[in-house]
Amino acid sequence: MSEATVTVRNALLILLGVLLQTSWVNSLAIWDVRPDVVLLIVVFIGITRGQIEATAFGFASGFLLDVYDTESMGLNSLANSVIGFAVAHSRPGIVAEDFRVQALLLFLASLLHDLVYFTMHSIASPLAIPGLLLRYGLGAAIYTSCVGLGVSLLMSIRIDKGIHLDARRLHG
């Protein structure tokens, strides 16, 4: 796939993710905790592309979310940019093809996103940040990781025609 095709694909994925996040994902809420579809796409771009592209798409996706929710203007742009850069920067040191690594990466990315977001949102009352992280951040991180792992497994089945697990690696 050419560079331009991949960039267009990523832009369309971001637009689809923003559309899903602002409409359909609200119906998936469990105790006010929702998966972050846009974050899944930013992490995917961070794993597959470089730091600049992941940061740019993180900013663009965050900006689109901020336009939708003007109360927190700029916070999603900042948080998604940080996630795009951090994932792309750490990519050479991880094996992102392993499902467990993908789930852990999504979990940590979601926690970092919420840490940045809640820190900036609650800058006037920093004592509220731990409560927000425990109430929303931890649940969203688990939920997003599970959704991302499910998508990754479905893509593996679609592309590889099945899931191939090496039982020797599972036991030690």
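Each chain carries its own residue numbering, running from 1 in the direction its sequence is written. The model is predicted, so local features are restricted to residues of pLDDT at least 70 and side-chain atom pairs to those at 80 or more, both for listing and for counting; the totals for chains, interfaces and linings are taken over all residues. Only hydrogens and water are removed before side-chain values are computed, so all heavy atoms of the structure are retained for them.

Caption draft 1: Representation of the packing of aromatic side chains in the model. Each pair of aromatic rings taken from Phe, Tyr and Trp, with Trp reduced to its six-membered ring, is defined by centres within 6.5 Å and is described as stacked if the planes are under 30 degrees apart, edge-to-face if over 60, and tilted in the remaining cases. Under the definition given, this model contains two aromatic pairs. With centroids separated by 6.4 Å and ring planes inclined at 15 degrees, the aromatic side chains of F59 and F63 adopt a geometry described as stacked. With F59 and F63 both in helix α3 (residues 51-68), this residue pair falls four residues apart, about one helical turn. For F59, a relative accessible area of 45% translates into the label partly exposed. Where Y117 meets F118, the ring centres are 5.8 Å apart and the plane angle is 80 degrees; that geometry is what we call edge-to-face. We note R135 situated over the ring of Y136; from NZ or CZ to the ring centre the distance is 4.7 Å. A run of H or I in DSSP becomes a helix once it reaches four residues, and a run of E becomes a strand once it reaches two; helices and strands are each numbered from the N terminus. Burial classification: accessible surface area is computed with a 1.4 Å probe over protein chains only, and a residue below 20% of its type maximum counts as buried, one above 50% as exposed, and the rest as partly exposed. The rule is short: NZ of Lys or CZ of Arg within 6 Å of the ring centre and within 35 degrees of the ring normal puts a charge over the ring.

Caption draft 2: Geometry of the side chain of N76. With respect to the helices and strands, the residue N76 is situated in helix α4 (residues 75-90). Given the relative accessible area of 11%, N76 is considered buried. Two residues form a contact once any of their heavy atoms are found within 4.5 Å. If we ignore the near neighbours within four places in the chain, the residues touching N76 are G62, L65, D66, H113 and Y117.

Caption draft 3: View of the nonpolar core. Counting residues in each nonpolar core, the largest one holds 21 residues, and the members touching the most others are I14, V43, I45, I83 and V87. Considering every element that reaches this core, the biggest residue donor is helix α2 (residues 37-48), with nine residues. Dropping the residues within four chain positions of it, V87 is found in contact with V43, G46, I47, L105 and A109. Judged by nonpolar contacts, the second largest core, of five residues, contains Y117, F118, I129 and L133. Side-chain atoms within 4.5 Å link the members of a nonpolar core, which is a set of buried Ala, Val, Leu, Ile, Met, Phe, Trp, Tyr and Cys residues.

Caption draft 4: Representation of the side chain of H113 in the model. Tracing the backbone through its elements, the reader meets H113 in helix α5 (residues 99-121). Residue H113 is classed as buried on the basis of its relative accessible area, which comes to 5%. The residues contacting H113, other than those within four sequence positions of it, are D36, L39, N76, A79, N80 and I83.

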